[in-house]
Amino acid sequence: MADSTEKVPIALAGPEDVEQCMPPAYSAVTGKPTTSSRLLKFGAVVLLVGAVLLLLGTIGAFYFWKVSDKHVYNVHYSMSINGRVQEGSMEIDTENNQETFKTGSGNDEAVEVHDFQIGITGIRFAGGEKCYIKAQSKAHLPDMDSLSKEVEMT
């Protein structure tokens, strides 16, 4: 009986003695997490995944979206050739410094290309298998923006 009433100093007490002395508020609780904490964790994960997807989308957009200052002007027109109305189109490509004229369709089609950068003109008629090439002086097409401003002023 002397052994059971003997006092043990705190320094010699083991971890099992400390757990028994702790009040219930500090004891380790191993229970289910509440639904609000689960919702907060789920919301944080969704927010993080959304931010990553937004970042990847932005990087992809800047990588694949190459802005080009290519200006191509198209004009479609009708004209009368030998009493027949023919459809035609003219295309001005300011980036490549070219003009392309197309007149007619099918076997009556004619294509004329003026390449001012290289200095040649090519004409091809669909009815024949010949192409005519003519040298020309090299020139640069005028800037369409400045021309349109001049036309608006007059």
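Before reading on, note that the structure itself is shown above.
Residues numbered from 1 in each chain as written. Predicted model: local features only at pLDDT ≥ 70, side-chain atom pairs only at ≥ 80, totals over all residues. Heavy atoms only, no water.

Visitor: I'd love a proper account of helix 2 (residues 35–64), names of residues and values included.
Guide: Along an α-helix, residues three or four positions apart point the same way, because every turn accommodates 3.6 residues. Between its first and last C-alpha, helix 2 extends 43 Å over 30 residues, near the 44 Å set by a 1.5 Å rise per residue. In terms of residue burial, helix 2 counts as a barely covered element, since only zero of its 30 residues are buried. (Helix = DSSP H or I, 4+ residues; strand = E, 2+ residues; numbered from the N terminus. Expected span 1.5 Å × (residues − 1). Buried < 20%, exposed > 50% of the residue type's maximum accessible area, 1.4 Å probe, protein only.)

Visitor: Describe the packing of aromatic side chains, and please don't skip the residues or the numbers.
Guide: Following the criterion strictly, the structure yields two aromatic pairs and no others. Ring geometry for Tyr63 versus Phe64: centroids 4.9 Å apart, planes at 80°, classification edge-to-face. The same class applies to Tyr63 and to Phe64, which are both exposed. Taken together, a centroid distance of 6.1 Å and an interplanar angle of 70° make the contact between Phe125 and Tyr132 edge-to-face. On the accessibility criterion, Phe125 (41% relative accessible area) is partly exposed. (Phe/Tyr/Trp six-rings, centres within 6.5 Å; stacked < 30°, edge-to-face > 60°.)

Visitor: Lay out a nonpolar patch on the surface with the relevant residues and their values.
Guide: Taken together, the side chains of Val45, Leu48, Val49, Val52, Leu53, Leu55, Leu56 and Ile59 define a hydrophobic patch exposed on the protein surface, amounting to about 780 Å² of accessible area. With respect to the secondary-structure elements, Leu55 resides in helix 2. (Patch = residues over 30% accessible without salt bridge, like charges linked within 9 Å, V, L, I, M, F, W, Y side chains within 5 Å. Areas by Shrake-Rupley, 256 points an atom, 1.4 Å probe, with all protein chains shown as cover. Salt bridge = Lys/Arg side-chain N within 4 Å of Asp/Glu carboxyl O.)

Visitor: Tell me about the pairing of strand 6 (residues 131–135), residues and numbers included.
Guide: In terms of burial, strand 6 is largely open, as just zero of its five residues are buried. As paired elements, strand 5 (residues 120–125) and strand 6 share five bridges and run antiparallel to each other. If you follow Ile120 over to strand 6, its bridge partner there is Ala135. Hairpin connection between strand 5 and strand 6: a loop of five residues separates the two successive antiparallel strands. (Pairing = 2+ DSSP bridges.)

Visitor: Let's hear about the environment of Thr100: which residues, and what values?
Guide: Here Thr100 shows up in strand 3 (residues 98–103). Once the C-alpha coordinates of Thr100 and Gly122 are considered, the two residues, 22 residues apart in sequence, prove to be 9.5 Å apart. Contact partners of Thr100, with chain neighbours within four places excluded, come to Ser89, Met90, Glu91, Val111, Glu112 and Val113. (Contact = heavy atoms within 4.5 Å.)

Visitor: Outline the side chain of His114, supporting the account with residue identities and numerical values.
Guide: Along the chain, His114 turns up in strand 4 (residues 110–115). With relative accessibility at 14%, the residue His114 sits in the buried group. Of note is the side chain of His114, whose polar atom sits 2.8 Å from the side chain of Glu112. Within the structure, the side chain of His114 is placed 3.0 Å from the side chain of Thr121, a separation counted as a polar contact. Discounting residues that sit within four places of it in the chain, His114 has contacts with Asn97, Gln98, Glu99, Phe101, Ile120, Thr121 and Gln136. (Polar contact = N/O pair within 3.5 Å; in protein donor to acceptor, adjacent residues only side chain to side chain.)

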